[in-house]
Amino acid sequence: MSKKGEIHIIWNHVQMDGVSLWNTTRLLYDENPPLIPYRDVKPPPPILPEILSLPKVAGQAMKRGSLYHAVSDSLSTGQAFWDTKIIRQLKQEWNIPYNLLTSAVVAHGIFARHPKTKKLNLGLTVFFPFLKGRNRYGVIIVRVKRGSLQEIARQLQKKIPKPLVMWGNTATQAYAMERVPDAMFLRLMRYYRKQIDVLISNVPVGKKTISIDDVPVEVYCHTRGLSLPYYFLLMGTRDDIHCSYSSLFAQKEGFFKHPPV
């Protein structure tokens, strides 16, 4: 809290996920009921999710990102505060889940930033309420082709796997990472990371505007280092999204200042 009007929190995903971080720090803020009250969910049956996910895991292992060849060594960061009125309107018109639509908004903006790119591998974070660890998120990879915002959103809607397959995919990858020799671990991590062009985290927070003593505040997240071309964190309340990005590409002023819809 060395800067007036700014609270700086440093944390690592090994310690906790974004939902846990919000729940831990929410006492700093005015009372704000959770946007999505996560309920306890029974864990999936053993082995079955891993078996069901094998075709997807095998196919995913062959996917490579499209943006790595052009990344720089410098880190760019930015943030924006989005009014969600138009996004909620499109959600109703197109009947597309909110988090998939916001992910499509990000992908649509990245395609505009990279006009020669035809496909993007999106890493989408998935919350598993039945896990007991501090980090209850996994990542699934979905490849989308260039198109309109609605076309990208429809692609995501069609390609999102069933919950059992999602968990099996994450568990299989974690199992593999735990059992490789130490000398192979970093090499395997680099291989996995180069599958993803844009990692997108959708974190639902409060139903009301985030505030401290009735003064509205903005919450952003930036990484100290980045091993992917892009990382986006979208922290959503009912009426707004706090959008943060970290990038290995230089960006013009105004990049993602407004949702590219």
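Provided above is the structure to which this section pertains.
Cut-offs used in this document
Residues numbered from 1 in each chain as written. Predicted model: local features only at pLDDT ≥ 70, side-chain atom pairs only at ≥ 80, totals over all residues. Heavy atoms only, no water. Helix = DSSP H or I, 4+ residues; strand = E, 2+ residues; numbered from the N terminus. Rg over C-alpha atoms; globule rule 2.2 N^0.38 Å. Buried < 20%, exposed > 50% of the residue type's maximum accessible area, 1.4 Å probe, protein only. Contact = heavy atoms within 4.5 Å. Pairing = 2+ DSSP bridges. Core = buried A, V, L, I, M, F, W, Y, C linked by side-chain atoms within 4.5 Å. Expected span 1.5 Å × (residues − 1). Axes fitted to C-alpha atoms, helices over the stretch in contact; angles between N-to-C directions. Left-handed = near helix turned anticlockwise from the far one by under 90°. Nonpolar A, V, L, I, M, F, W, Y, C, P; charged D, E, K, R; others polar. Salt bridge = Lys/Arg side-chain N within 4 Å of Asp/Glu carboxyl O. Disulfide = S-S within 2.5 Å. Polar contact = N/O pair within 3.5 Å; in protein donor to acceptor, adjacent residues only side chain to side chain.

Enquirer: Lay out the overall build of the protein chain in plain terms, naming residues and giving numbers.
Expert: In terms of regular secondary structure, the protein chain is built from 7 helices and 8 strands. Whereas a compact globule of 261 residues would reach a radius of gyration of roughly 18 Å, the protein chain reaches 18 Å, a difference of no more than 12%. Dimensions of the protein chain, computed from C-alpha atoms along their principal axes, come out at roughly 50 × 45 × 40 Å. In the protein chain, buried positions account for 43% of the 261 residues. Considering only contacts within the protein chain whose residues lie at least 6 apart along the sequence, 73% involve residues at least 24 apart.

Enquirer: Account for the pairing of strand S1 (residues 76-83), naming residues and giving values.
Expert: Burial of the side chains of S1 is restricted to one face: Ser76, Gly78, Ala80 and Trp82 are buried, whereas none of Thr77, Gln79, Phe81 and Asp83 on the reverse face is. Note that S1 and strand S8 (residues 240-247) share 8 bridges and pair antiparallel. Opposite Phe81, over in S8, you have His242 as the bridge partner.

Enquirer: Before we move on, could you go through the nonpolar core and cite the residues and values that matter?
Expert: Core analysis: the biggest nonpolar cluster contains 40 residues, and Trp82, Ile110, Leu122 and Phe232 have the highest contact counts within it. Examining the composition of this core, we find that 8 residues originate from one element, helix H4 (residues 98-113), more than from any other. Core analysis: the next-biggest nonpolar cluster, separate from the first, contains 18 residues, Val203, Ile210, Val219 and Met235 among them.

Enquirer: Give me the lowdown on H4, citing residues and values where you can.
Expert: Taking 1.5 Å per residue, 16 residues should reach 22 Å; H4 reaches 23 Å between its end C-alpha atoms and fits that length. Inspection of H4 places Leu100, Leu101, Thr102, Ser103, Ala104, Val105, Val106, Ala107, Gly109, Ile110 and Phe111 among the buried residues, and these make up the whole buried set.

Enquirer: Which residues make up the environment of Val144, and what values go with them?
Expert: Mapping Val144 onto the fold places it in strand S3 (residues 137-145). Between the C-alpha atoms of Val144 and Ala104, which are 40 residues apart in sequence, the distance is 9.2 Å. Other than its neighbours up to four places away in sequence, Val144 contacts Phe111, Lys118, Lys119, Leu120, Leu122, Ile152, Gln155 and Leu156.

Enquirer: Account for the packing of helix H3 (residues 85-94) against H4, with residues named and values stated.
Expert: As a packed pair, H3 and H4 sit with axes 10 Å apart at the nearest point and diverge in direction by 115 degrees. The hand of the H3/H4 crossing is right-handed. Touching Ile87, Arg88, Leu90, Lys91 and Trp94 of H3 are Tyr98, Leu101 and Thr102, all from H4. Class assignment for the residues of the contact of H3 with H4 results in 5 nonpolar, 1 polar and 2 charged.

Enquirer: Summarise the pattern of salt bridges; cite the residues concerned and give the values.
Expert: The final tally for this structure, using the stated rule, is 1 salt bridge. Arg88 is the salt-bridge partner of Asp239, the closest N and O atoms lying 3.5 Å from each other. Within this pair, whereas Asp239 is found in the loop between strand S7 (230-236) and S8, its partner Arg88 is found in helix H3, the two being separated by 151 residues in sequence. Judged by its relative accessible area of 32%, Arg88 is partly exposed.

Enquirer: Give a detailed account of helix H1 (residues 18-25), specifying residues and quantitative values.
Expert: Of all 8 residues in H1, 6 are buried; the element is thus mostly enclosed. On its buried side, H1 packs onto strand S2 (119-127), S3, strand S4 (198-204) and S7.

Enquirer: Please set out the state of the cysteines residue by residue, giving values where relevant.
Expert: Tallied over the full model, the rule gives 0 disulfides. Cys221 forms no disulfide, and the closest cysteine sulfur to it belongs to Cys243, at a distance of 11 Å. Relative accessible area serves as the criterion here: at 12%, Cys221 is assigned to the buried category. The class of Cys243 is buried, set by a relative accessible area of 0%.

Enquirer: Any details on the side chain of Ser211? Residues and values, ideally.
Expert: By the secondary structure assignment, Ser211 is in strand S5 (residues 211-212). The exposure class assigned to Ser211 is buried, which follows from its relative accessible area of 12%. Only 2.6 Å separates the side chain of Ser211 from the side chain of Asp30, close enough to count as a polar contact. Excluding residues within four positions of it along the chain, Ser211 makes contact with Tyr29, Asp30, Pro216 and Val217.

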